Amino acid sequence: MMVDNQPSRTAEVARKTNETDIKLKFSVDGTGTTKIDTDVPFLNHMLDLFTKHGQFDLEVEARGDIDIDDHHTVEDIGICLGQTLREALGDKRGIKRYASVFVPMDEALAQVVIDVSNRPHFEYRAEYPSSQVGSFSTELVHEFLWKLALEARITLHVIVHYGSNTHHMIEAVFKALGRAIDEATSIDPRVQGVPSTKGVL
């Protein structure tokens, strides 16, 4: 949610290493529009869900050393997304700051709890019945989320309460993540300055 005279909450980053080459643009106040081109099809799907359910705009172009595995590409996209989220929010003036969202996906139920705190912390409670979804390793979900929380400097708790289909369980996580970030970063006209007794986040 934007208010009159609020600057556009958008940021972009380019990250090039010996392992990956990534360009990413993120807008907090979007319409759910994506333009995603990476070498990791399952992550493309999850980022599309995240963006649609958070009503963000996201552009990602990423190439990585997937001949080794998907790890570096997934990790570095998490880094870039976290960096752009932090930059786009600026001084965080007027935001709600907290959110707790449950999302079901058929038999699966995921919960994401967020504090846009400027204190990076990550807690993850998920046990998947399968170690792979297609060619995608489920351990990379942790890697992506941890790097996102670290670079965005948010407190992020992710709990998959139950499920029997690994795809559904991870999908519920990414949908809940989008909705939680959307809620926590929404502007509340009742909030004067930043939502902290310290006067700064």
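The preceding data block contains the structure.
Criteria and thresholds
Residues numbered from 1 in each chain as written. Predicted model: local features only at pLDDT ≥ 70, side-chain atom pairs only at ≥ 80, totals over all residues. Heavy atoms only, no water. Helix = DSSP H or I, 4+ residues; strand = E, 2+ residues; numbered from the N terminus. Buried < 20%, exposed > 50% of the residue type's maximum accessible area, 1.4 Å probe, protein only. Contact = heavy atoms within 4.5 Å. Areas by Shrake-Rupley, 256 points an atom, 1.4 Å probe, with all protein chains shown as cover. Lys, Arg positive; Asp, Glu negative; His and termini not counted. Charge placed at Lys NZ, Arg CZ, Asp CG, Glu CD. Pairing = 2+ DSSP bridges. Axes fitted to C-alpha atoms, helices over the stretch in contact; angles between N-to-C directions. Phe/Tyr/Trp six-rings, centres within 6.5 Å; stacked < 30°, edge-to-face > 60°.

Colleague: Describe in detail the overall build of the protein chain, supporting the description with residues and values.
Modeller: Across its full length, the protein chain holds 4 helices and 10 strands. The order of helices and strands in the protein chain, counted from the N terminus, is β-β-β-α-β-α-β-β-β-β-β-α-β-α. The principal-axis extent of the C-alpha atoms belonging to the protein chain is close to 50 × 35 × 30 Å. Within the span of the protein chain, comprising 201 residues, buried residues form 52% of the whole. Sequence-distant contacts in the protein chain: of pairs separated by 6 or more residues, those separated by 24 or more amount to 76%. Total accessible area on the protein chain stands at roughly 9400 Å², and carbon and sulfur atoms take up 47% of it. Measuring between centres, the 21 positive side-chain charges of the protein chain sit 8 Å from its 31 negative side-chain charges.

Colleague: For the sheet that holds strand E4 (residues 57-64), give the residues involved together with the corresponding values.
Modeller: Reading across the sheet, the 4 strands line up as E1-E2-E4-E3 and stay open at both edges, with mixed pairing between neighbours. With partners counted over all chains shown, the strands left at the sheet margins are strand E1 (10-16) and strand E3 (33-37), one partner each. Across the sheet, the axes of successive neighbouring strands diverge by a mean angle of 5°, strand direction being ignored. Where E1 meets strand E2 (residues 20-27), 7 bridges bridge the pair, whose relative direction is antiparallel. When the bridges of E2 are listed, Glu-12 appears paired with Lys-25. Helix H1 (residues 41-54) contacts E2, E3 and E4 of the sheet and is inclined by roughly 165° relative to E3. In the packing of helix H2 (residues 71-89) onto the sheet, the strands contacted are E1, E2 and E4, and the crossing angle to E2 comes to about 35°.

Colleague: Residues and numbers for the packing of aromatic side chains, please.
Modeller: Taken as a whole, this structure holds 7 aromatic pairs when the rule is applied. Between Phe-26 and Phe-50, the ring centres sit 6.4 Å apart and the planes meet at 20°, which makes this aromatic pair stacked. Of this pair, Phe-26 sits in strand E2 while Phe-50 sits in helix H1; the two residues are 24 residues apart in sequence, bridging distant segments of the chain. Using a relative accessible area of 2% as the deciding quantity, one classes Phe-50 as buried. Residues Phe-144 and Phe-174 carry aromatic rings whose centres are separated by 5.5 Å and whose planes lie at 40° to one another, so their mutual orientation is tilted. Residue Phe-144 is located in helix H3 (residues 139-152), and its partner Phe-174 is located in helix H4 (residues 166-185); the two are separated by 30 residues in the primary sequence. Residue classification places Phe-144 among the buried residues on the basis of a relative accessible area of 1%.

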